[in-house]
Amino acid sequence: ATDNEPPPPPTTFGIQTKKTKVSMTELLRCIPSELDEEMDYPDLSGMKRKGRLPPAKSTKASRVLVTCREERPEEEVRAAKAVEEFKMKKFLNVPSKVDCRR
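Note that the coordinates shown come from a computational prediction; the quantities given were computed from them, not determined experimentally.

## A look at the overall build of the chain
- In terms of regular secondary structure, the chain is built from four helices and zero strands.
- What you see in the chain, going N to C, is helices and strands ordered as α-α-α-α.
- Per-residue burial for the chain yields a buried fraction of 0% across its 102 residues.

## Details of the pattern of salt bridges
- One pass over the structure, following the stated rule, counts one salt bridge.
- Glu 74 is the partner of Arg 78 in a salt bridge, and the nearest nitrogen-oxygen pair spans 3.6 Å. With Arg 78 and Glu 74 both in helix α4 (residues 74-85) and four residues apart, this pair spans about one turn of that helix.
- For Glu 74, a relative accessible area of 60% translates into the label exposed.

Definitions and limits used
- Residues numbered from 1 in each chain as written.
- Predicted model: local features only at pLDDT ≥ 70, side-chain atom pairs only at ≥ 80, totals over all residues.
- Heavy atoms only, no water.
- Helix = DSSP H or I, 4+ residues; strand = E, 2+ residues; numbered from the N terminus.
- Buried < 20%, exposed > 50% of the residue type's maximum accessible area, 1.4 Å probe, protein only.
- Salt bridge = Lys/Arg side-chain N within 4 Å of Asp/Glu carboxyl O.

Geometry only, nothing functional implied.
Laid out in structure tokens, this is it:
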């Protein structure tokens, strides 16, 4: 690169713009039949993606969580409450040493 050489001409990258007779209102209306011939990118809508992972399988913890969140019938709730409230007669009048109910 010597000082005597002229600078290179400006290079334009990409597709050169072409003059058209279409008015601005027609361009904004966006008619699909006219846009088909000016498509810059390939149509990839029908292409399937390889290597896509299937949805994750449920774990034991997630299955237990689902069963816990389901509403139980009233009979089951009453039976569980009766079991929780059961105390032997000799312990009915004994106060608890640990306060677990907050």
